[in-house]
Amino acid sequence: MDPTHIKEPSEKEAALVEEQTVEDHHSMPDSLRSLTDEERRNIEKKVVRKADLVIMPIIGLLYILNYVDRQNLSAAKLQGIMTDLHMSTTDFATAVAILFVGYLPFQIPSNLMITKVPRPGLYICVATVIWGTISACTAAVQSYGTLLLVRIILGFSEAVFFPGVIYLLSAWYTKNELGARIGGLYIGQQLGNAFGGLIAAGVLKLDGAHGIAGWRWLFIVEGVATVGIGAISAFVMPEWPYNAKMLKPIEREMAVWRLAREAGAAEGTEQIGTWKGFLVGLKDPKVYALIFCNMMGQVQGSIANFFPTIVKVLGYNSTVTLLLTAPPYIFAAFVYMAITWGSDRTKHIYWFIILPVSLSIVMYAIPMGTTNTGALYFAMMFMPWTSVAAQLLLYKTVNHHLPRPIAKRAATVAMLNSIGGISNVWTSYLWYAPPHYYAAFGALIAASVLFLITITGYKYYVRYQNKLLSGTPEQVKKAMRFGITQEQVDMGWRYEGF
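A few words on the overall build of the protein chain. When you go through the protein chain residue by residue, the secondary structure sums to 24 helices and zero strands. The buried share of the protein chain, reckoned over its 498 residues, is 58%. Across the protein chain, contacts joining residues at least 24 apart in sequence account for 81% of those joining residues at least 6 apart. Carbon together with sulfur atoms contributes 67% to the accessible area of the protein chain, which is approximately 20,000 Å² in total.

Bringing the pattern of salt bridges into the picture now. Inspection of every chain in the model, using the stated rule, returns eight salt bridges. Between glutamate 239 and arginine 119 there is a salt bridge whose closest N-O contact spans 3.2 Å. With a gap of 120 residues between them, glutamate 239 in the loop between helix H11 (214–233) and helix H12 (249–263) and arginine 119 in the loop between helix H6 (99–114) and helix H7 (120–137) connect regions that are remote in the sequence. Glutamate 239 sits in the buried class, given a relative accessible area of 7%. Judged by its relative accessible area of 41%, arginine 119 is partly exposed.

On to the packing of aromatic side chains, then. For the coordinates displayed, the defined rule picks out 22 aromatic pairs. Seen in terms of ring centroids, phenylalanine 100 and tyrosine 103 are 5.8 Å apart; in terms of plane orientation they differ by 85°. Their pairing is edge-to-face. Taken together, the residues phenylalanine 100 and tyrosine 103, both in helix H6 and three residues apart, mark about one turn of the helix.

Over its 20 residues, helix H18 (residues 350–369) runs 30 Å from end to end, which matches the ideal 28 Å to within 8%, given 1.5 Å per residue. If you check which residues of H18 are buried, you get Tyr350, Ile353, Ile354, Pro356, Val357, Ser360, Met363, Tyr364, Ile366 and Pro367.

A word on the side chain of threonine 128. Relative to the assigned elements, threonine 128 resides in helix H7. Those residues in contact with threonine 128 that lie beyond four places of it in its chain are Leu62, Phe161, Thr226 and Gly230.

Before going further, it helps to spend a moment on unusual backbone geometry. Residues proline 434 and proline 435 are joined by a peptide bond in cis, for which omega reads 5°. Relative to the assigned elements, proline 435 resides in the loop between helix H21 (423–426) and helix H22 (438–469). Positioned with a positive phi, alanine 433 is a non-glycine residue whose angle comes to about 60°. For alanine 433, the location among the structural elements is in the loop between H21 and H22.

Bringing H6 into the picture now. What sets the pattern is the α-helix's 3.6 residues per turn: residues three or four places apart point alike. Its 16 residues give H6 an end-to-end C-alpha distance of 22 Å, which sits within 8% of 22 Å, the value for a rise of 1.5 Å per residue. The largest bend along H6 measures about 40° and falls at glutamine 107, with the proline proline 109 one to four residues further on.

With that out of the way, let us pick up a nonpolar patch on the surface. Side chains of Phe195, Leu198, Ile199, Leu206, Val221 and Leu323 sit close together on the surface and give an oily, nonpolar patch of about 440 Å² of accessible area. No other element matches the three residues that helix H10 (residues 175–203) contributes to the nonpolar patch. Relative to the helices and strands, leucine 323 is located in helix H16 (residues 318–324). Leucine 323 sits in the partly exposed class, given a relative accessible area of 40%.

Right, let's talk about the nonpolar core for a bit. Of all hydrophobic cores here, the largest spans 143 residues; its most connected members are Ile59, Ile81, Leu169, Ile353, Trp431, Phe451 and Ile455. In terms of residue count, the dominant contributor to this core is helix H19 (residues 373–401) (15 residues). If sequence neighbours within four positions are ignored, isoleucine 455 has contacts with Cys293, Tyr350, Ile353, Ile354, Leu394 and Phe498. Formed by eight residues, the second largest nonpolar core is a distinct cluster that contains Ala75, Ala200, Val203 and Trp217.

It is at 8 Å that the axes of H18 and H19 come closest, and there the two elements cross at 150°. Relative to H19, H18 is oriented roughly antiparallel. At the point where H18 passes H19, the crossing takes the left-handed sense. Residue composition of the contact of H18 with H19, grouped by class: 20 nonpolar, three polar and no charged.

For the rest of this paragraph, the subject is the environment of arginine 40. Summarising the element assignment, arginine 40 is placed in helix H3 (residues 37–77). Residue arginine 40 is classed as buried on the basis of its relative accessible area, which comes to 10%. In the structure, arginine 40 is positioned 210 residues away from isoleucine 250 in sequence and 9.9 Å away in space, judged by C-alpha atoms. Among the polar contacts listed, one links the side chain of arginine 40 to the backbone oxygen of leucine 35, at a separation of 2.9 Å.

Attention now moves to the packing of H7 against helix H8 (residues 144–158). Helices that pack against each other are described as a pair by the angle of their axes relative to one another and the distance between those axes. Packing of H7 against H8 leaves a shortest axis separation of 9 Å and a crossing angle of 165°. Between H7 and H8, the interaxial angle falls into the category roughly antiparallel. Crossing geometry of H7 relative to H8 is assigned as left-handed. Contacts from Ala127, Ile130, Trp131, Ile134 and Ser135 of H7 reach H8 at Val150, Ile153, Leu154, Ser157 and Glu158. The residue inventory of the contact of H7 with H8, partitioned by class, reads seven nonpolar, two polar and one charged.

So, on to the side chain of threonine 340. Within the secondary structure, threonine 340 sits in helix H17 (residues 326–346). In this structure threonine 340 comes out as buried when scored by relative accessible area, which is 5%. Not counting chain neighbours up to four residues away, the residues in contact with threonine 340 comprise Gly179, Ala180, Gly183 and Leu392.

The next subject is the confidence of the model for the protein chain. Of all residues in the protein chain, 90% attain a pLDDT of 70 or more, and the chain-wide mean is 84. Mean pLDDT across the secondary structure elements of the protein chain bottoms out at helix H1 (residues 11–25), with 45, and peaks at H18, with 96. Every residue in residues 1–26 is under pLDDT 50, and counting partners more than four places away or in other chains gives 20 contacts.

Criteria and cut-off values
Residues numbered from 1 in each chain as written. Predicted model: local features only at pLDDT ≥ 70, side-chain atom pairs only at ≥ 80, totals over all residues. Heavy atoms only, no water. Helix = DSSP H or I, 4+ residues; strand = E, 2+ residues; numbered from the N terminus. Buried < 20%, exposed > 50% of the residue type's maximum accessible area, 1.4 Å probe, protein only. Contact = heavy atoms within 4.5 Å. Areas by Shrake-Rupley, 256 points an atom, 1.4 Å probe, with all protein chains shown as cover. Salt bridge = Lys/Arg side-chain N within 4 Å of Asp/Glu carboxyl O. Phe/Tyr/Trp six-rings, centres within 6.5 Å; stacked < 30°, edge-to-face > 60°. Expected span 1.5 Å × (residues − 1). Bend = angle between axes of the 7 residues up to and from the residue. Patch = residues over 30% accessible without salt bridge, like charges linked within 9 Å, V, L, I, M, F, W, Y side chains within 5 Å. Core = buried A, V, L, I, M, F, W, Y, C linked by side-chain atoms within 4.5 Å. Axes fitted to C-alpha atoms, helices over the stretch in contact; angles between N-to-C directions. Parallel < 35°, antiparallel > 145°, perpendicular 65-115°, else oblique. Left-handed = near helix turned anticlockwise from the far one by under 90°. Nonpolar A, V, L, I, M, F, W, Y, C, P; charged D, E, K, R; others polar. Polar contact = N/O pair within 3.5 Å; in protein donor to acceptor, adjacent residues only side chain to side chain. pLDDT = per-residue confidence, 0-100.

Structure (structure tokens):
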């Protein structure tokens, strides 16, 4: 027969062959193999729906509390804490920065531990109760030195939450589902900032009640609420998919298999150890590029630590200032929904990073050049989301580009947040000389430019890696040096979104 007349397989036939190859390669459980495709899809939808209805609301609420507790010091600045504790502007900057002395170094060991914990949900909820207790204790401090000590301990307890939650979510959702859920976390972050300002404005009215200053009431009210909600959440937070009580047996098998099908190995089946997975991450140049991008992103995100102070330049009293901090954060929450939806829908990441970072440069330049109230508040409306949106897509990139081994993924998430968070230390000392804050906004502009350059370089690097994965056996072997498994290669896995 003439080879030129051999019929090429249709796209549908090729997809069926690929699906069968993947299914065989990952040993689909017999209980699933006996079902039709439609029945399997229905079970998968139920798994995702249950995760969305149980896990996301709990985590979202805890994340709101996380940011309310972390940012209440900024609100307390407007309520007299500096006067009561005899603090200078530099002292206040140190009190903000010193939280990260505990927060940054403990994230990596915590996320390495969580890969071995049978109940990561309980682990996260216990940490929530601890940080809520410590936050409430801030109300009792009588000196600047004691405040610094409490802030350090608070940092240690809060270090568990964010990287741990990102890792837990990546054990439940596929990479194309994860972006919207991480976006949901950042929506919770912005709502936490918004409600923090609104709560602070309300609590201010308690100033002097029972002889207690308003800023002390702020720590008491928010800390006690965190303890109560964290304790309740411990009884309902699900764990790993393979041992989740909220799933039926067949749903557990689907939850595990669908992630194994996508990433090349199931949670709990990998042979690589925690320490070795961490070392693999240290050898991967992509990890360092993403960490640097997040460092620059955290420089931008440092505005959250001083946003009430920034808004204060508009000239309103403390209550109105706190109320004015809420609309920008609420607006940011809606923008995050749009960005994560667009990224998931189009399967693009790069351009959704470039847009907010580029726009942020303009927003930072406005307060450096004018004191017009309308122009300033316009820029303030954009600052929260243009400063932070790119970060949520960096975490999506980690779970897309570094799916296995799981210890490497967990360590990378922790390093991204902890090393990147170092920026919050030194940027705390830049917010002086209002109303223009030249040093702070100048640093934010420089960070934005470096972010754009680095993420563009990363784009061309992963495209080169994709060419290697499509090349000769020697080229494929070269591309596998940084953790890509043979199973992923057999699946036709590629770096996506860039």
